[in-house]
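If you want the building blocks of each chain, they are given just below.
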Amino acid sequence: MDTNPTIIGYTCILAFIEQSNVLIDEQIIKEIEEFVYSSWYNGNEDKVPNFSELTFSERSF
């Protein structure tokens with residue numbers, strides 16, 4: 001199975017939402033899902049996701 005930091009982060013977000021019974025607007029979920037799907041393009045799979053702004057940034061080590 002292939003994964004990247006964005007997919008792992010999204011999985012954690014979904015687990016938190018489910019466990020805390022937080023209600024999230026469906027449009028927001030769709031926007032986040034589009035962000036997650038885009039994580040496989042343009043080298044984004046190697047970048048750090050920012051779920052607040054739905055952007056990617058370069059890793060800084």
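Before reading on, note that the structure itself is shown above.
What counts and how
- Residues numbered from 1 in each chain as written.
- Predicted model: local features only at pLDDT ≥ 70, side-chain atom pairs only at ≥ 80, totals over all residues.
- Heavy atoms only, no water.
- Salt bridge = Lys/Arg side-chain N within 4 Å of Asp/Glu carboxyl O.
- Helix = DSSP H or I, 4+ residues; strand = E, 2+ residues; numbered from the N terminus.
- Buried < 20%, exposed > 50% of the residue type's maximum accessible area, 1.4 Å probe, protein only.
- Phe/Tyr/Trp six-rings, centres within 6.5 Å; stacked < 30°, edge-to-face > 60°.
- Core = buried A, V, L, I, M, F, W, Y, C linked by side-chain atoms within 4.5 Å.
- Contact = heavy atoms within 4.5 Å.
- Expected span 1.5 Å × (residues − 1).
- Arc of directions from axis to C-beta.
- Polar contact = N/O pair within 3.5 Å; in protein donor to acceptor, adjacent residues only side chain to side chain.

**Q** It is not clear to me how the pattern of salt bridges should be interpreted in this structure. Could you clarify?
**A** Per the stated rule, a full pass over the model turns up one salt bridge. For the salt bridge of K47 with E58, the shortest nitrogen-to-oxygen distance reads 3.6 Å. In this pair, K47 is assigned in the loop between α2 (26-37) and β1 (48-50) and E58 in the segment after β2 (55-57), connecting sequence segments eleven residues apart. The exposure class assigned to K47 is buried, which follows from its relative accessible area of 18%. Of the residues examined, E58 reaches a relative accessible area of 58% and is grouped as exposed.

**Q** Sorry if this is basic, but what is going on with the packing of aromatic side chains here?
**A** Any two aromatic rings considered together are summarised by their centre-to-centre distance and by the angle between their planes. Counted by the stated rule, this structure contains two aromatic pairs. Ring centres of F35 and F51 lie 5.5 Å apart, and the angle between their planes is 80°; this geometry places the pair in the edge-to-face category. One end of the pair, F35, is in helix α2; the other, F51, is in the loop between β1 and β2, and 16 residues separate them in sequence. Under the relative-accessibility criterion, F35 is labelled buried at 5%. Aromatic side chains F35 and F56 sit 4.4 Å apart centroid to centroid with 20° between the ring planes, which places their arrangement in the stacked category.

**Q** Even after reading the chapter, I still don't get the nonpolar core, so can you show me in this structure?
**A** With five residues, the main nonpolar core is built from Y10, I17, I29, I32 and V36. If you list the elements that add at least two residues to this core, you get α1 (5-20) and α2. Here this core gets three residues from one element, more than from any other, and that element is α2. If sequence neighbours within four positions are ignored, I17 has contacts with V22, I24 and I29.

**Q** Explanation requested: α2 in the structure shown.
**A** In an α-helix, one turn spans 3.6 residues; hence positions three or four apart end up facing the same way. The terminal C-alpha atoms of α2 lie 16 Å apart, and with twelve residues this matches the ideal 16 Å at 1.5 Å per residue to within 8%. Regarding α2, the residues found buried are I29, I32, F35 and V36. Buried residues of α2, seen end-on, are gathered within an arc of 120° and therefore sit on one face of the element. Those residues of α2 that are exposed and aimed more than 90 degrees away from the buried face are E26, E34 and Y37. Structurally, α2 contributes buried residues whose contacts are with α1, β1 and β2. Where α2 begins, one side-chain oxygen reaches toward the backbone nitrogen of Q27, 2.8 Å away; that side chain belongs to D25.

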